Structure formats: C-alpha cells, structure tokens
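Structural characterization, general
Chain by chain, the residues run as shown.
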Amino acid sequence: MEVLGDLARGFGTALQPINMAMLLVAVILGLVIGVLPGLGGTSGVAILLPITVFIAHGSLPGSDATTAIIFLAGIYWGALFGGVITSILFNIPGEPWAVVLLFDGFPLAKRLRKPGLALASSFVSSFLGALVSTILFTFFALPIALKALEFGPAELFAVFVLSFATLIGLGAEAPMKSLAMLALGLLLAAVGFDTITGEQRLNFGQVPLLSGISFVPVTIGLFGIGEILASAEEQGIGYVEKISARLGLADVFEAIRELRKRIRLVLSNAIIGFFFGVLPGHGATAASFLGYGLARQYSSNKENFGKGEISGIMGPQSAADSAGVASLVPMITLGIPGSPTSAVIMAGLFIWGLQPGPVLFIQHPDFVWGLIASIYLGHLLTFIICLLAVPLLAMIMRVPYAIITPFIVVISIIGSYSLNNSMLDVFITVIFGVIGYWLRKMKYPLAPLVVALVLGDSTERELRKALIAGHGSPLYFFNSGLSTVIILIAVVLVLIPLIRTIRRRRAAAAAAESPAHP
Amino acid sequence: MRPYQVATAAAIVLIAAVAMFDSRAAFNPSAGTSPGDVGARWYPFWAATIMGIAALVVVYRSLTLPQAAEGVFEGRKSVFAVLKLAVPMVVYALLIGGIGWRTTDFTYTVIPPFGFYLGTALYMGLFAWWLGRYKIWWVALISVAVPLAIFAAFEIGFRVSLPKSFLYTSGILPF
C-alpha cells in the first residue's frame, strides 16, 4: 500500500503550522465568499490568485507552492459549504451549486421551521460526500497519472479533444452555443506570439496584446463582475426573505439520524458525483442537479419533494461536494481542469512555475500528496467552522448592498491588476464582466470558454507537435490505439445532442401520428 | 428574446470574421516551409471558423425555432439596477488610469490618472451616498477607511504596488 505511505507523507506536509494556518484562513475566506451572493467560488479563487504568488515564493515564513495550492483549494472547499447557508436561510443561492437547495432547503427552514436541521443535514451530507470523493481521489490519482506519463502528443491532444467533447455533448446548454464559446476560448488563447514560430497573431498591431490575453482577468471578469451584475439585477427586483438560525448539537444529532436513514442515497450520490466531477467542465453545479434528480427518482416520498424533504438536501449536497473534490483529479493527473474553479487553480500552478499533469507526481510528490491530505483536513475544518459559526456567517448578508457590492468590484479590480501590474488587465476584466453578464443572460455557457482559454496553448502545442511528428498528416492521430479510441469516444460524445434531437423529433412525430384516445 | 439572441450570435460571427481575416495567411502556401506544414495562423483561423459556423447555426435556430415571449429584462427597474452598477464601474476603471493619448511629441490628458486609492475613495463614497443614502460622515468614513485598509494590506503587507494618482507624481499625496 504505497499510496498510504504517500498519504502519510502528505499529512506531514499539510499539518505544518504555516499550511494549517493558511488552510484555516482559506476556508474562512471561502465560507465568506460562498455566503456572498455576488461573489462565487471561481471568482473568489481568481481574485485571490495574485496573493498566492507571494505565498508560493516564500513571502510568509515557511510558505511555498504547496502552501499556495492548499490556500487556493481551501477557498474552494469553504465556498462549497458556504453557498448553502444563503440558499437555506435567505432563499438566495450563494453559489450556483446551491441553487438546488432552494427546492427543499428553504422550505424545510421556513415552512417546517427547522432551519438548524436543514443546515445540519446539508453540512453532514456535504462532509460525507467530500470524504468519499477524497478517498477515491487518493486511490485513483496515482494510477491515472502513471498511465498518463506514457502519453505522447497524439494521446494528449486526443485527451484535450475528449474534454472539449464532454463540454459540448454533456453540457446543459445548447451544444452550438457551447461550441462557439469553446472556439472563442481557443481563439483568445491564440492572441499574441505563436510559441513555435514566434510570429505575431491576432494582436492587430497593439503591443500590449503581444503577451496574449491573460486568463485571470478574463475569469475575474466573466465570473466576478458578471455575477455581481447578475446579482444587482436580482436584488434590484427581488425581495429577500430572511430566517435567523442557530445550529445546536441537537440539530447535528438529528441530521446524523436522518443521514443514517439515507446512507445508501448519500453514498451512491457521492460515488456518482465523483465520476461526474472528473468529467471536464461539469463540476459541482451539474452534479447537484443530478443528485437531486436521483434522490427524487429513488425516493418513496416523491410527493414531499419541494416541500422540505431532507433527501432533497442530502442527495444533491453529497453529489455536489464529491464532484467539487473530483474536479481536481483531471487537473492534477492530466493537466485538464474539471471545472472553471479548477481551471483557475491550474492557472495558479502555471504562475508558480509548475506544470500540472502526471509529471507533478514524479517531480513534486510533496506538493501533490500535501494537497490531497489537505482536502481531508480542509473539509474537516470547514465542517467544524460551519457548525460553530452559522449565525456569524449569516450576519455577512446583513452588510448593506451599497457597501458590499462596490467592495467586491474593488477587490476584483485589485485581483486583475496585481498579477501583471497592468491597467490593460483591469479593462479586460471590466469588458469581460459585461460580456459574461450578457452571455449568461443569452444562455451561453461560460465553462467551455474558461476551460478552452486555459487549455488553448497546450492543445495547440500538442496538435502541432503531433503534426510535426506525422510530417503534416492527420492520420498520425490514429497510429496509436489509445488516441484512436479516445477520439472515437469524443466523436460519440459530440453526437449525443444530435441523437437526442433526432429521438425527440421521432417521438413527437409518432405522438402526432397516433390517433387520440378519448 | 429573438432579436437579442440573433444580435448576440451575429456579434460572435463578426468577431470570427475579423479573426479569420487576420489569420488569412493560413492559406498561404506553407507546405514544406512551416513545421508540420502548419503555420502560426492555421490554428486561430480554424478556431475562428468553427466559432463562426457555430454562431451561424445559433442565428438560424434563433430565427426558426419558437423563442420565449418574455424580454431579456423583467422591467425597467432591473435594467436600471444593472446600469447603476455597470456605469460607475466603467467610470471607476477609467478614473484609475486616467484618459488621454500620446503622440511622438505630446501627451494629451483629458482626465488625469486618479490612481487606485483616490478612485476607490470616490467610488465607495458615491455608492454610500447615492444608493446607501448614508449621512455625510458615514460616507466620508467609508471613503477613507476602505482605501486605507487596502493600502495597509497590499502596499505594506503584500508589497503590491497599486496605481498611484497624479497627486502622487506631483509629490502631494503618498498614493
């Protein structure tokens, strides 16, 4: 059991005082970010990314790149938990993955007057889901990474194509919109110098664009400013209901009793959430809806759903947190982000001078295993803080709109400026903020854009390396059995929406042709 | 909803067309001259082509499929709620860097750079006064406290230098 030895070493790294201190700060920041409706996990991680440059380069005593990744990931764990508080107590989703809790979380808190039980149910199922996912992460990561070490350019390009295909084929939005956003991400990544020939492209004679369009300001704009604009619109028209809550030990014990009754649902949703989260671009939000659907489908109390059913809280929560953890698996093992948030974390690795992917396990084992150990510790810390500090976290929602909203804009501007000390990045953030808000309204998915932007350079590099190796022939991609299989799976995934449409049309035509029964 | 969907997709088609035009060198004879017979413009050209085709399909579907009857915004109130945030944000970003342009001989300044700290003071103060309707001393406190806290955290704590104002360059203020 080499893995357990590695994990023990990882705990040795994660338990160092500086790493634990930064993990604690990160989960508290993540919880605050999760609670604030205008600030999401992705934008929160992106805004704080520039700070990690100083952490990774040892600005704090004893800090290094492992401290930086523990810090960034810790924000994500906090945000995964924090988003549910506003959903349950205020009927406003603090995070996209907490939207599903409006269906049963808020009714349990308001109509059935059990806010403490609603929160405790969410926290215990989140914790269990994350724990299952982290255990799977621990045992799956190394074999995947070792296999990926054998990949050449053709296989790597095929894996990138597969990740793009899952975004198109399995996405919730229209596939053509996903494809357009994906291509836009690839196009934006191509701006500036071509790394192979050194030629300038798509800079339209503008010198500042020669270094390319930076990933971080675009992400802060799309997710940070875009979300705050969307939130401004909602708060401008909506009325916010507020329930105050305290979380007692009695609530926790009752939630554990309820959890034991639903242990099969929670565990199976956690496992499904893990495999769903590993797929690029899906992450916690899609898993939460899947988890809710499964909980409802296999429940004997279907009629209680939407009225405060505890399975409607525990099912999606275990799947969402499990998928959130799992979205780091392809990022660490293959260099492919599983969600927009893990795309930002991956951008952090590039900035700290690390290459995400299988080589990390060989070159920086302390970094990888320190991160994995910190996932266990991070969730435990988040769980404890949530149980102790719900009233305090809920108080954040009482900070007036006229202060908190401009403040989020201010920290977004700092985040985008301070990475490269560039005013151009500030304008990119503002422009992409408005674009992101509008694209969201028009139902264009942003995950393909962000994932393609972060993977664009690597995709082009592997594609061209493969073409160079194959003397310009695309048949080179089919020389290897593995890359052929991966490309075929990608083609099938892209065809899924088309097959669905044809089946739907056939069913509609059949229904129209069949005689109406009285 | 239909006109907005069509206009958005058409804008994406336009961006694709501009990128394709810029990358038209993809069709220059490069066989045997570029590594892998693929020049620097080949990849952006085809990315733009895919984007343009996908957006054209979205235009076609928006025109032919039934669309939701409701508008993009729920009403004037929601439009103003967004504009109240978006317009000051753009002005704030412009104030930080200032507005002007440079020729080989002269620098023309329309608005001098207010820098991050003065810009933030004005921006936070505006929201507190306009949307918060706070008393003037609260507005003043927010305007001073937020930039000061950021100065302490970033300039002193993390040693991150944020943009300074024209008053800094003339030696009047420390930021």
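Please read these numbers as outputs of a predicted model, since none were measured by experiment.

Quick notes on the overall build of chain B
For chain B, the helix and strand inventory stands at six helices and two strands. Reading the secondary structure of chain B in the N-to-C direction produces α-α-α-β-β-α-α-α. Over its C-alpha atoms, taken along the principal directions, chain B stretches across nearly 65 × 50 × 35 Å. The average position of the 12 basic charges and that of the 6 acidic charges among the side chains of chain B differ by 12 Å.

Considering empty space enclosed by the protein
Residue and element names in this part refer to chain A. Evaluated as defined, the whole model comprises one cavity of 30 Å³ or more. In this model, the largest cavity occupies a volume close to 30 Å³. Lining the largest cavity are Phe127, Ala130, Leu131, Thr134, Ile375, Tyr376 and His379. Elements with a contribution of two residues or more to the lining of the largest cavity: helix H6 (115-148) and helix H17 (365-395). Counting residues per element, the lining of the largest cavity draws most heavily on H6, at four residues. Grouping the amino acids of the lining of the largest cavity by side-chain chemistry returns five nonpolar, two polar and no charged.

Here we look at a nonpolar patch on the surface
All names here are of chain A. A contiguous nonpolar surface patch, about 570 Å² in accessible area, is contributed by Leu4, Leu131, Ile135, Phe139, Phe140, Ile271 and Phe275. Residue assignment for the nonpolar patch shows that the elements contributing at least two residues are H6 and helix H11 (263-278). When residues of the nonpolar patch are assigned to their parent elements, the largest contribution, four residues, is made by H6. Residue placement: phenylalanine 275 occurs in helix H11. A residue is classified by how much of its surface remains accessible, and phenylalanine 275, at 42% relative accessible area, is partly exposed.

Examining the confidence of the model for chain B
Mean pLDDT over chain B stands at 86; residues scoring 70 or higher make up 94%. Reported confidence for the predicted complex is 0.91 by ipTM and 0.83 by pTM.

Notes on the interface of chain A and chain B
One frequently used descriptor of interface size is the decrease in accessible area upon assembly of the parts. Taken residue by residue, the interface counts 60 residues in chain A and 62 residues in chain B. The three residues of chain A that bury the most area against chain B are Leu187, Ile414 and Met442 of chain A, which together make up 10% of that side's buried surface. Seen at the junction of chain A and chain B, the total is zero salt bridges. In this assembly, chain A and chain B are joined by seven residue pairs in polar contact (both at pLDDT 80 or more). In terms of residue count, helix H18 (residues 401-418) of chain A provides more of the side of chain A that touches chain B than any other element does, 12 residues in total.

Digging into unusual backbone geometry
Residues and elements named next belong to chain A. Positive phi outside glycine occurs at leucine 202, with the angle close to 55°. The buried category is assigned to leucine 202, whose relative accessible area is 5%. Unusually for a residue other than glycine, phenylalanine 204 sits at a positive phi of about 50°. Tracing the chain through its elements places phenylalanine 204 in the loop between strand S2 (200-201) and helix H9 (215-237). Relative accessible area serves as the criterion here: at 48%, phenylalanine 204 is assigned to the partly exposed category.

Thoughts on helix H5 (residues 136-158) of chain B
The end-to-end C-alpha distance of H5 of chain B, which contains 23 residues, comes to 32 Å, matching closely the 33 Å that a straight helix rising 1.5 Å per residue would cover. The sharpest bend along H5 of chain B measures roughly 25° and falls at phenylalanine 151 of chain B. Those residues of H5 of chain B that sit buried are Val139, Ile142, Ser143, Val146, Pro147, Ile150, Phe154 and Glu155 of chain B. Looking at the buried side of H5 of chain B, the elements it contacts are H18 of chain A together with helix H4 (115-130) of chain B. Looking at the residues trailing H5 of chain B, positive phi occurs at arginine 159 of chain B, about 55°.

What about the packing of aromatic side chains?
In total, this model carries 18 aromatic pairs over all chains according to the counting rule given. Taking 6.1 Å as the distance between ring centres and 65° as the angle between the ring planes, the aromatic pair formed by tryptophan 438 of chain A and tyrosine 4 of chain B counts as edge-to-face. Taken together, the residues span two chains, with tryptophan 438 of chain A in helix H19 (residues 423-441) and tyrosine 4 of chain B in helix H1 (residues 2-22). The partly exposed category is assigned to tryptophan 438 of chain A, whose relative accessible area is 25%. With a relative accessible area of 40%, tyrosine 4 of chain B lands in the partly exposed category. With 5.2 Å between their ring centres and 85° between their planes, phenylalanine 45 of chain B and tryptophan 46 of chain B make a pair best called edge-to-face. We classify phenylalanine 45 of chain B as buried; its relative accessible area is 8%. Each residue in the set Phe103, Tyr292 and Phe305 of chain A is aromatic and connected to the rest through ring pairs, giving one cluster.

Notes on the pattern of salt bridges
Residue and element names in this part refer to chain A. Taken as a whole, this structure holds 14 salt bridges over all chains when the rule is applied. Ionic pairing is found between arginine 464 and glutamate 460, a salt bridge with its closest N-O pair at 2.7 Å. Taken as a pair, arginine 464 and glutamate 460 lie in helix H20 (residues 447-469) at a separation of four residues, close to a single helical turn. Like glutamate 460, arginine 464 is buried. The salt bridge involving arginine 461 is made with glutamate 462; its shortest N-O contact spans 3.8 Å. The class for glutamate 462 is buried, based on a relative accessible area of 5%. Each member of the salt-bridge network shares a partner with another, and the members are Asp194, Arg201, Glu460 and Arg464.

Re the side chain of glutamine 317 of chain A
Tracing the sequence through the fold places glutamine 317 of chain A in helix H13 (residues 311-326). Those residues in contact with glutamine 317 of chain A, other than ones at most four positions away along the chain, are Val84, Trp97, Leu101, Ser122, Ser125 and Ser126 of chain A.

Here we look at helix H3 (residues 41-56) of chain A
Where H3 of chain A bends most, at proline 50 of chain A, the angle is about 45°. Just past H3 of chain A, the residue glycine 58 of chain A takes up positive phi, approximately 80°.

Structural notes on the environment of glycine 273 of chain A
Residue and element names in this part refer to chain A. Note that glycine 273 resides in helix H11. A relative accessible area of 1% means that glycine 273 is categorised as buried. Taking the C-alpha atoms as reference points, glycine 273 and tyrosine 444, separated by 171 residues in sequence, lie 24 Å from one another. Once you skip the residues sitting within four places of it in the chain, glycine 273 turns out to touch Ala319, Ser322, Ala323 and Ala326.

Points about a positive patch on the surface
A grouping of Arg500, Arg504 and Arg505 of chain A together with Arg61 of chain B is seen on the molecular surface, where their side chains present a positively charged patch. Of the residues forming the positive patch, the biggest block, three residues, is contributed by helix H21 (residues 481-513) of chain A. Considering the arrangement of structural elements, one finds arginine 61 of chain B in helix H2 (residues 42-64).

What counts, and at which threshold
Residues numbered from 1 in each chain as written. Chains lettered and ligands numbered in written order. Predicted model: local features only at pLDDT ≥ 70, side-chain atom pairs only at ≥ 80, totals over all residues. Heavy atoms only, no water. Helix = DSSP H or I, 4+ residues; strand = E, 2+ residues; numbered from the N terminus. Lys, Arg positive; Asp, Glu negative; His and termini not counted. Charge placed at Lys NZ, Arg CZ, Asp CG, Glu CD. 1 Å grid on protein atoms, 1.4 Å probe; cavity = no way out; pocket = protein on both sides within 12 Å on 5 of 7 lines; lining within 4 Å. Points joined across faces, edges and corners; volume = space filled by probe spheres on them. Nonpolar A, V, L, I, M, F, W, Y, C, P; charged D, E, K, R; others polar. Patch = residues over 30% accessible without salt bridge, like charges linked within 9 Å, V, L, I, M, F, W, Y side chains within 5 Å. Areas by Shrake-Rupley, 256 points an atom, 1.4 Å probe, with all protein chains shown as cover. Salt bridge = Lys/Arg side-chain N within 4 Å of Asp/Glu carboxyl O. Buried < 20%, exposed > 50% of the residue type's maximum accessible area, 1.4 Å probe, protein only. pLDDT = per-residue confidence, 0-100. Contact = heavy atoms within 4.5 Å. Buried area = accessible area lost by both parts, 1.4 Å probe. Polar contact = N/O pair within 3.5 Å; in protein donor to acceptor, adjacent residues only side chain to side chain. Expected span 1.5 Å × (residues − 1). Bend = angle between axes of the 7 residues up to and from the residue. Phe/Tyr/Trp six-rings, centres within 6.5 Å; stacked < 30°, edge-to-face > 60°.

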